[in-house]
Amino acid sequence: MDLFDQVSNDIKEAMKAKDKVRLEALRNIKKLFLEAKTAPGANDTLTDEAALKIMQKLVKQGKDSAQIYMGQNRQDLADAELAQVKIIEAYLPQQMSQEELEAKIKEFIAQVGATGPKDMGKVMGVASKALAGQAEGRVISETVKKLLAQ
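Read on for an overview of the structure. (Residues numbered from 1 in each chain as written. Predicted model: local features only at pLDDT ≥ 70, side-chain atom pairs only at ≥ 80, totals over all residues. Heavy atoms only, no water.)

**Let's talk about the overall build of the protein**
The helix and strand inventory of the protein stands at 7 helices and 0 strands. When the helices and strands of the protein are listed from N to C terminus, the series reads α-α-α-α-α-α-α. Dimensions of the protein, computed from the C-alpha atoms along their principal axes, are close to 55 × 45 × 25 Å. Across the 150 residues of the protein, 33% fall into the buried class. Long-range contacts, defined here as pairs at least 24 residues apart, represent 57% of the contacts in the protein between residues at least 6 apart. A total accessible area of about 9,500 Å² is found for the protein, and carbon and sulfur atoms account for 53% of it. The centroid of the 23 positive side-chain charges in the protein is displaced by 2 Å from the centroid of its 22 negative side-chain charges. (Helix = DSSP H or I, 4+ residues; strand = E, 2+ residues; numbered from the N terminus. Buried < 20%, exposed > 50% of the residue type's maximum accessible area, 1.4 Å probe, protein only. Contact = heavy atoms within 4.5 Å. Areas by Shrake-Rupley, 256 points an atom, 1.4 Å probe, with all protein chains shown as cover. Lys, Arg positive; Asp, Glu negative; His and termini not counted. Charge placed at Lys NZ, Arg CZ, Asp CG, Glu CD.)

As structure tokens, this is what we get:
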């Protein structure tokens, strides 16, 4: 079962359970999935890879929104955003720990023969493709920068 079908089935389950937060988050995901399926050139298909990218974007937007709400002392709105983020994250692959991420990036640094900060582009090219879905791009970038500066 692909992610689109899984989200559709989970919407039905959330409706039966009367879980409003889960239902709202899943409907938002499905809306974006449908937009992606019907976009010009999509041929009415949505790969799991594309679906994961959409959900990662939603998680990032939700976390950013929560930060803004917290900065404005609106904890109620921040909690609502974070509740939806938690639901979406359940569909994403397990995120790497910082130690695992550093070990992988060290492998990539050795692989491309990077020697310093000037080689960040080479390492980021390999790392962002290989680690897509396993770590946020911002975290990958910060870790590469830190390791190349040593």
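After presenting the structure, the write-up continues.
**Describing the environment of L52**
Within the secondary structure, L52 is located in helix α3 (residues 48–71). Residues L52 and S8, spaced 44 residues apart in sequence, show a C-alpha to C-alpha distance of 15 Å. Look past the residues within four positions of L52 in its chain and what remains in contact with it is L3, Y91, L92 and P93.

**Notes on the packing of aromatic side chains**
Enumeration according to the criterion identifies 1 aromatic pair in this entry. Aromatic pair F4 and F33: ring centres 6.3 Å apart, planes at 35°, arrangement tilted. Of this pair, F4 sits in helix α1 (residues 3–17) while F33 sits in helix α2 (residues 20–37); the two residues are 29 residues apart in sequence, bridging distant segments of the chain. Per residue, the accessibility class of F4 equals that of F33, and both read buried. Sitting above the plane of the F4 ring, K37 keeps its charged end 4.0 Å from the centroid. (Phe/Tyr/Trp six-rings, centres within 6.5 Å; stacked < 30°, edge-to-face > 60°. Lys NZ or Arg CZ within 6 Å of the ring centre and 35° of its normal.)

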